[in-house]
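Architecture and fold: a report
Residues per chain are reported as follows:
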Amino acid sequence: MSITVYQRRKRKKADLMEDLKKLFKEYRNFVVVGITGVEDSTLQRARVVLRALGRIKIVKNTITRKVITSLPLENNTKQLIEEVFEGQNAIVFTNESTFDVVEALEKFSKNVCLKPNRIAPVDVLIPAGVTTLQPGPLTDSLTALNVPFEVKKNLVYIKSPTPVLRKGELVNSRVAELLRELDIKPLVSRFAPKCGLD
């Protein structure tokens, strides 16, 4: 790594720290929220809605911990706040009530499909009943997954509820596509409030 690359990274980190310090001074209150699994489009919509309440900033955990140690707070409060910075996080800075911010963020909760090449966080089953699938390549996926089905009037009918994924298993592209076509959305994409300071 050349010196210039190292210097640029160091400068960028220093700029991030300064930006965070300014935001902590500019706003009285803040809420730390987990954003792991939240889609980019949801983040963008939240930014637009939260403009009336404050500002949302995606943060780097290590840099944020360093900034928090420099804040004029009691040591035990600093320690409690620092502990929540695991995974992907954002901070919503506001001069309004933190409860209003959390209430606004809860409106962005929605069910989403599983994505391929990720670990399934929940068990997934295909329910029994008529589907919108027509005979074709996706019925091959049903056969490969041992899902009992039959074709009635050119539509696929699932005979009994069948588990297709267990928690902790890798989601392959075939399963992800099948679940998307069946409109099975087992995950909830939402902001996870971790702590706030009013």
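A brief look at the structure comes next.

A few words on the sheet that holds strand β8 (residues 155-158). With respect to topology, 3 strands assemble into an open sheet ordered β6-β8-β7, the strand pairing being antiparallel. Each edge of the sheet is formed by a strand with only one pairing partner; in this case those strands are β6 (129-130) and β7 (149-152). Bridging between β7 and β8 involves 4 bridges; their strand directions are antiparallel. Along β8, the bridge assignment pairs Phe149 with Ile158.

With that settled, the discussion passes to the packing of aromatic side chains. Enumeration over the complete set of coordinates arrives at 4 aromatic pairs. Plain terms: the ring middles of Phe24 and Phe30 are 5.1 Å apart, the flat faces sit at 90 degrees to each other, and that makes the pair edge-to-face. The burial state of Phe24 is the same as that of Phe30; both residues are buried. Each ring, one from Phe108 and one from Phe191, has its centre 6.1 Å from the other, and the planes form 85 degrees; the classification is edge-to-face. A residue pair is termed long-range when its members are at least 10 positions apart, and Phe108 in the loop between α5 (98-106) and β4 (110-112) and Phe191 in the loop between β10 (187-189) and β11 (192-197) qualify at 83 residues. Under the relative-accessibility criterion, Phe191 is labelled buried at 3%. An aromatic cluster of at least three residues, connected via ring pairs, comprises Phe24, Tyr27, Phe30 and Phe93. The aromatic ring of Tyr157 is capped on one face by Lys152, whose charged end is 4.6 Å from the ring centroid.

What follows deals with the environment of Ala192. Inspection of the secondary structure assignment puts Ala192 in strand β11. Separated by 143 residues in sequence, Ala192 and Val49 place their C-alpha atoms 17 Å apart.

Further remarks concern a negative patch on the surface. Taken together, the side chains of Glu96, Asp100, Glu103 and Glu106 make up a negatively charged region of the molecular surface. For Glu96, a relative accessible area of 38% puts it in the partly exposed group.

Before going further, it helps to examine the packing of helix α6 (residues 137-144) against helix α7 (residues 173-181). Between α6 and α7, whose axes approach to 10 Å, the crossing angle comes to 115 degrees. Note on packing geometry: the crossing formed by α6 with α7 is left-handed. For the pair α6 and α7, contact is made by Leu138, Asp140, Ser141, Leu142 and Ala144 and by Arg174, Glu177, Leu178 and Glu181, respectively. Residues that form the contact of α6 with α7 fall into these classes: 4 nonpolar, 1 polar and 4 charged.

Let us look at the environment of Arg55. With respect to the element layout, Arg55 can be found in strand β2 (residues 54-59). Each C-alpha atom of the pair Arg55 and Leu23 lies 8.8 Å from the other, and the pair is 32 residues apart in sequence. Those residues in contact with Arg55 that sit more than four places away from it in its chain are Leu23, Tyr27, Leu50, Ile91, Val92 and Phe93.

Helix α4 (residues 75-83) packs onto helix α3 (residues 61-69) with a crossing angle of 170 degrees between their chain directions and a minimal axis gap of 10 Å. Relative to α4, the element α3 is oriented roughly antiparallel. In this structure, α3 uses Arg65, Ile68 and Thr69 to contact α4, whose residues at the interface are Lys78, Ile81 and Glu82. Grouping the amino acids of the contact of α3 with α4 by side-chain chemistry returns 2 nonpolar, 1 polar and 3 charged.

Together, Arg9, Lys12, Lys13, Lys60 and Lys66 make up a region of like positive charge exposed at the surface. Structurally, the position occupied by Lys66 is in helix α3.

The rules behind each value
- Residues numbered from 1 in each chain as written.
- Predicted model: local features only at pLDDT ≥ 70, side-chain atom pairs only at ≥ 80, totals over all residues.
- Heavy atoms only, no water.
- Pairing = 2+ DSSP bridges.
- Helix = DSSP H or I, 4+ residues; strand = E, 2+ residues; numbered from the N terminus.
- Phe/Tyr/Trp six-rings, centres within 6.5 Å; stacked < 30°, edge-to-face > 60°.
- Buried < 20%, exposed > 50% of the residue type's maximum accessible area, 1.4 Å probe, protein only.
- Lys NZ or Arg CZ within 6 Å of the ring centre and 35° of its normal.
- Patch = residues over 30% accessible without salt bridge, like charges linked within 9 Å, V, L, I, M, F, W, Y side chains within 5 Å.
- Areas by Shrake-Rupley, 256 points an atom, 1.4 Å probe, with all protein chains shown as cover.
- Salt bridge = Lys/Arg side-chain N within 4 Å of Asp/Glu carboxyl O.
- Lys, Arg positive; Asp, Glu negative; His and termini not counted.
- Charge placed at Lys NZ, Arg CZ, Asp CG, Glu CD.
- Axes fitted to C-alpha atoms, helices over the stretch in contact; angles between N-to-C directions.
- Left-handed = near helix turned anticlockwise from the far one by under 90°.
- Contact = heavy atoms within 4.5 Å.
- Nonpolar A, V, L, I, M, F, W, Y, C, P; charged D, E, K, R; others polar.
- Parallel < 35°, antiparallel > 145°, perpendicular 65-115°, else oblique.

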